[in-house]
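# Structural overview for review
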Amino acid sequence: MRVKIGCELVYETASPTALILLVRPRQQDRNHHLLSEKRTVTPEIPVEEFVDVFGNHLWRLTAPVGKLRLTYDATAQVEPTADPMLSALGGTLVQDLPGEVLPFLLPSRHCQSDLLISEAWERFGAFPHGWQRVQAVCDWIHSNIIYSKGSHASTSGYDAYQARQGVCRDFAHIGVMLCRALSIPARYVCGYLPDIQVPIDPVPMDFHAWFEVFLDGEWRTFDARHNFPRIGRVLIGRGRDAVDVALATSYGTAQLDSMVVWADEVPETQPILTTEAAS
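Residues numbered from 1 in each chain as written. Predicted model: local features only at pLDDT ≥ 70, side-chain atom pairs only at ≥ 80, totals over all residues. Heavy atoms only, no water.

## What about the sheet that holds strand β7 (residues 66–78)?
What links the strands of a sheet is backbone hydrogen bonding, and the strands pair in either a parallel or an antiparallel sense. Taken together, five strands build an open sheet; the order of strands is β3-β4-β7-β1-β15 and the sheet is antiparallel. Each edge of the open sheet carries a strand with a single partner, namely β3 (28–29) and β15 (254–266). Across two bridges, β3 lies against strand β4 (residues 32–42) in antiparallel orientation. The partner of Asp29 across the bridge, within β4, is His32. (Pairing = 2+ DSSP bridges. Helix = DSSP H or I, 4+ residues; strand = E, 2+ residues; numbered from the N terminus.)

## Examining the side chain of Asp83
Along the polypeptide, Asp83 turns up in the loop between β7 and α1 (117–124). Here the side chain of Asp83 touches Arg230 through a polar contact of 3.0 Å, landing on its backbone nitrogen. In this structure the side chain of Asp83 is engaged in a polar contact, spanning 2.8 Å, whose partner is the side chain of Arg233. With near-sequence residues (within four places) excluded, Asp83 lies in contact with Thr221, Phe228, Pro229, Arg230 and Arg233. (Polar contact = N/O pair within 3.5 Å; in protein donor to acceptor, adjacent residues only side chain to side chain. Contact = heavy atoms within 4.5 Å.)

## Let's talk about the pairing of strand β13 (residues 234–239)
Most of β13 sits out of view: six of its six residues are buried. Across five bridges, strand β10 (residues 186–192) lies against β13 in antiparallel orientation. Bridging across to β13, Tyr188 finds its partner in Gly239. (Buried < 20%, exposed > 50% of the residue type's maximum accessible area, 1.4 Å probe, protein only.)

## Quick word on the layout of surface pockets
Volume-wise, the largest pocket comes out at about 1,400 Å³. Lining the largest pocket are 50 residues, and of these Val167, Cys168, Arg169, Asp206 and Phe207 sit closest to its centre. Elements with a contribution of two residues or more to the lining of the largest pocket: α4 (168–181), β10, β11 (208–215), β14 (248–251) and β15. With six residues, β15 is the single largest residue contributor to the lining of the largest pocket. Of the residues belonging to the lining of the largest pocket, the class tally is 32 nonpolar, eight polar and 10 charged. Counted as a void, the second largest pocket has a volume near 240 Å³. Together, 16 residues line the second largest pocket, and Arg30, Asn31, Asp83, Pro84 and Thr221 are the ones closest to its centre. For the lining of the second largest pocket, the element with the most residues is strand β12 (residues 218–222), which contributes four residues. Broken down by class, the residue content of the lining of the second largest pocket amounts to five nonpolar, four polar and seven charged. (1 Å grid on protein atoms, 1.4 Å probe; cavity = no way out; pocket = protein on both sides within 12 Å on 5 of 7 lines; lining within 4 Å. Points joined across faces, edges and corners; volume = space filled by probe spheres on them. Nonpolar A, V, L, I, M, F, W, Y, C, P; charged D, E, K, R; others polar.)

## Comments concerning the side chain of Thr221
Structurally, Thr221 can be placed in strand β12. A polar side-chain atom of Thr221 sits 3.4 Å from a polar atom in the side chain of Arg30. Once residues lying within four places of it in the same chain are set aside, the contact partners of Thr221 are Arg30, Asp83, Trp131, Trp210, Phe211, Glu212 and Arg233.

## Thoughts on the pairing of strand β1 (residues 2–13)
In terms of burial, β1 is a largely internal element, nine of the 12 residues being buried. Of the pairings in the sheet, the one linking β1 to β7 comprises 12 bridges and is antiparallel in character. What sits directly across from Gly6, in β7, is Asp73.

Spelled out as structure tokens, the structure:
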């Protein structure tokens, strides 16, 4: 299955400003493979790409005075099946976890899991260790956290948990936070998510956030915001929380004037235009 993904960002700056942007997916991940991509920057300025410690592909540039318009457009091949539901999967004891996943057990800036250890075990400790316990976490978040605009970049998972409201970023933070409190490795994920085989959401498209947990030797996808298997996820970045996968990091004053995001299924018969690599 093919999906067309991308975004257009328009920034306004009063002085030359260093920016780091994360909108480009990895060339290939377990659920997608990029078939074509193109990046356009107006005015034309140098853009450096680098890969961070989490494997995310970032663009580094210096926005000139005035308006900067960046457009990214790509076509990706995605799995035609929905997120798997593997309720029989068990968990792994901390002493048996691979060393590389241990950092995802620790509290982080937006996922203060150490503040919720007692509450997490009281609420979810009776569920079998593994998939069923994580799914119970997602069910609780989906039922008890209201999807509502109003959170901002400094809103933590604990803030949203106490307020009982937030956007997809907050739902993912709460999921990560509760899983880590239960000694289950969890990491924050962001990407593009098209509306495939679900009712079309009339709200303008945005980047989406979900989370992954380490079960039975692999990272597994969970989405407390939708809490329903979805088709067509195209992953942009992974990290400890949203700080590691911020859309933009500005070293100076850069005002985001507008942002448009798209993620749509396209027919297999539609030709793929040859485009320049966005690197």
